[in-house]
Number of protein chains: 2
Amino acid sequence: MGKLYIGLVHYPVKNKRGDIVTSAVTNLDIHDIARIAKTYDVAGFYIIQPMPSQKRLVEWIIAHWTEGYGGEYNPMRAAAFDIIRLVESINDAMDEIEGETGRIPRVVGTWAGHSGAVIGYDTMGDLIVSDSGPTLILFGTGFGLADEVQELCTHILEPIRGIGDYNHLSVRAAAAIILDRLARITHTD
Amino acid sequence: MGKLYIGLVHYPVKNKRGDIVTSAVTNLDIHDIARIAKTYDVAGFYIIQPMPSQKRLVEWIIAHWTEGYGGEYNPMRAAAFDIIRLVESINDAMDEIEGETGRIPRVVGTWAGHSGAVIGYDTMGDLIVSDSGPTLILFGTGFGLADEVQELCTHILEPIRGIGDYNHLSVRAAAAIILDRLARITHTD
């Protein structure tokens, strides 16, 4: 089985008007997604954020919860934060994964409204199980990953469909559902 | 098929020490879980909170996003907030559901660490499909539902297990995963 990594992308993402922007870090994204990633045994959770002031904020949050008072108060949170890695770009995350595993990762983009060719959860899960190469799943903050991220992607994951037409999940909820769906394929008893 | 309701319980819940407390409302719980509930076509999302000052806060948040500036800025958020109902107790939620459907709801508790008898997702989903009575799934804030809530429950749902031992999901992530798992049983194509 190949290692699974996830990346929370703050650049390049879309804002409400569709412009390409760098989004600010949301504290609760880090907490929720670190706990989700740890629950589903993700090898590394990349926070992808190029802005220096925002990087310092992330470093401060991580230090508080792993080394500072937060880690003493809540050791379970420290355990989840241990898998967080801060990088400036999607390419930096890809390079680090290649250095760690010796293989260029397959890069899986997630777009809530994507209407082109996609890979389903069963097929994606089977690929993770059958191929020892690493996988990096990218989640967009703001109003989603910029379209140009598709150039880096080897696959685009099937959008989450609920019941009916409404489909406006937070990135936190989407990450939870996607990792749970994949784990049910990769870790069947 | 029976209607599905969910309740986010702020009393009675446990704090870090295991004491029974009333927890404060977390703004992002309301936003994330309303969007999740709307995505999975939940009939009503009960915020169960007895404290008057906290109720006023919830009323203010709902009004902002359905009638105020928030609703104009983000109509999709207004659509999600339309299914929110504010009540003071689990019993009040049960009474309202009984008034609406003519049936006392089955009440399903969720505890991350429950080790007793539980109902699995497949069985729970089949029950929702085959029986026209309503279902109310309860999620605990703070450090989880108080044990006394078991007296109201007709079922306790199988805890979410990820991969490995770590199991400390936020209530937002747990609600997303549970509603997705049930929908895959109740709404197979």
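Worth saying up front: this structure is predicted, and the values here are computed from it rather than measured. (Residues numbered from 1 in each chain as written. Chains lettered and ligands numbered in written order. Predicted model: local features only at pLDDT ≥ 70, side-chain atom pairs only at ≥ 80, totals over all residues. Heavy atoms only, no water.)

### Observations regarding the pairing of strand β6 (residues 106-110) of chain B
All names here are of chain B.
And then number 1: Burial analysis of β6 places five of its five residues in the buried class, the great majority of the element.
And then number 2: Residues R106, V108 and T110 line one face of β6 and the alternating positions V107 and G109 line the opposite face, and both faces are buried.
And then number 3: Sheet topology places β6 next to strand β7 (residues 135-140); four bridges connect them, and they run parallel. What sits directly across from R106, in β7, is T135.
And then number 4: Regarding the hand of the β-α-β motif, the stretch spanning β6, helix α6 (residues 121-130) and β7 is right-handed.
And then number 5: In this structure, β6 lies alongside strand β8 (residues 155-157), joined through three bridges in parallel fashion. Bridge pairing in β8 links G109 to I156. (Buried < 20%, exposed > 50% of the residue type's maximum accessible area, 1.4 Å probe, protein only. Helix = DSSP H or I, 4+ residues; strand = E, 2+ residues; numbered from the N terminus. Pairing = 2+ DSSP bridges. Right-handed = clockwise from strand over helix to strand, strands pointing away.)

### Comments concerning the sheet that holds strand β1 (residues 4-9) of chain B
Residue and element names in this part refer to chain B.
And then number 1: What the six strands build is an open sheet, ordered β5-β4-β1-β7-β6-β8; its pairing is parallel. Strands with a single pairing partner mark the edges of an open sheet, and in this sheet they are β5 (84-87) and β8. Neighbouring strand axes in the sheet, compared pairwise and without regard to direction, differ in orientation by 25 degrees on average.
And then number 2: Bridge count for strand β4 (residues 44-48) against β5 is four bridges, and the pairing is parallel. Bridge pairing links I48 to V87 in β5.
And then number 3: In this fold α6 packs onto β1, β6, β7 and β8, with an angle of close to 155 degrees to the strand it touches most, β6. (Axes fitted to C-alpha atoms, helices over the stretch in contact; angles between N-to-C directions. Contact = heavy atoms within 4.5 Å.)

### Focus on the side chain of R35 of chain A
And then number 1: By the secondary structure assignment, R35 of chain A is in helix α1 (residues 27-39).
And then number 2: Summary of buried charges: R35 of chain A has no salt-bridge partner, and the nearest side chain of opposite charge, D32 of chain A, is 4.3 Å away.
And then number 3: Those residues within four positions of R35 of chain A in sequence are excluded, and the remaining contacts are R77 and A80 of chain A together with Y166, H168, L169 and S170 of chain B. (Lys, Arg positive; Asp, Glu negative; His and termini not counted. Salt bridge = Lys/Arg side-chain N within 4 Å of Asp/Glu carboxyl O.)

### What to know about the pattern of salt bridges
Two side chains that carry opposite charge are able to pair once their charged atoms sit near each other.
And then number 1: Counted under the stated rule, the structure contains 22 salt bridges over all chains.
And then number 2: Linking K14 of chain A and D147 of chain A is a salt bridge whose minimum nitrogen-to-oxygen distance equals 3.4 Å. Separated by 133 residues along the polypeptide, K14 of chain A in strand β2 (residues 13-14) and D147 of chain A in the loop between β7 (135-140) and β8 (155-157) bring together distant segments of the chain.
And then number 3: Of the residues examined, D147 of chain A reaches a relative accessible area of 49% and is grouped as partly exposed.
And then number 4: Put simply, R106 of chain A and D131 of chain A hold a salt bridge, and the shortest N to O gap is 3.0 Å. In this pair, R106 of chain A is assigned in strand β6 (residues 106-110) and D131 of chain A in the loop between α6 (121-130) and β7, connecting sequence segments 25 residues apart.
And then number 5: Look at the salt bridges and you will find they share partners, linking D29 and R172 of chain A together with D32 of chain B into a network.

### What to know about the relation of the copies chain A and chain B
And then number 1: Expressed as a screw transformation, the operator carrying chain A onto chain B has a rotation angle of 180 degrees and an axial translation of 0.0 Å, and the superposed copies differ by an RMSD of 0.0 Å. Expressed as a symmetry operation, the mapping of one chain copy onto the other fits a two-fold axis.
And then number 2: Taken as a fraction of all interface residues of chain A, those also at the interface in chain B reach 100%, which identifies the copy contact as same-surface. (Least-squares fit on C-alpha atoms with pLDDT ≥ 70 in both.)

### Looking at helix α7 (residues 171-186) of chain B
And then number 1: Compared with the 22 Å implied by 1.5 Å per residue over 16 residues, the 22 Å span of α7 of chain B between its first and last C-alpha is a close match.
And then number 2: The buried count for α7 of chain B comes to 15 of 16 residues, which makes it a mostly enclosed element. (Expected span 1.5 Å × (residues − 1).)

### Some details on the packing of aromatic side chains
And then number 1: Scanning all chains against the criterion turns up six aromatic pairs over all chains.
And then number 2: Where Y5 of chain A meets Y46 of chain A, the ring centres are 6.3 Å apart and the plane angle is 40 degrees; that geometry is what we call tilted. Taken together, the positions of Y5 of chain A in strand β1 (residues 4-9) and Y46 of chain A in strand β4 (residues 44-48) put the pair 41 residues apart, joining distant regions of the chain.
And then number 3: Assessed through its relative accessible area of 0%, Y46 of chain A is described here as buried.
And then number 4: The ring of Y73 of chain B carries the charged tip of K16 of chain A above its face, separated from the ring centre by 4.4 Å. (Phe/Tyr/Trp six-rings, centres within 6.5 Å; stacked < 30°, edge-to-face > 60°. Lys NZ or Arg CZ within 6 Å of the ring centre and 35° of its normal.)

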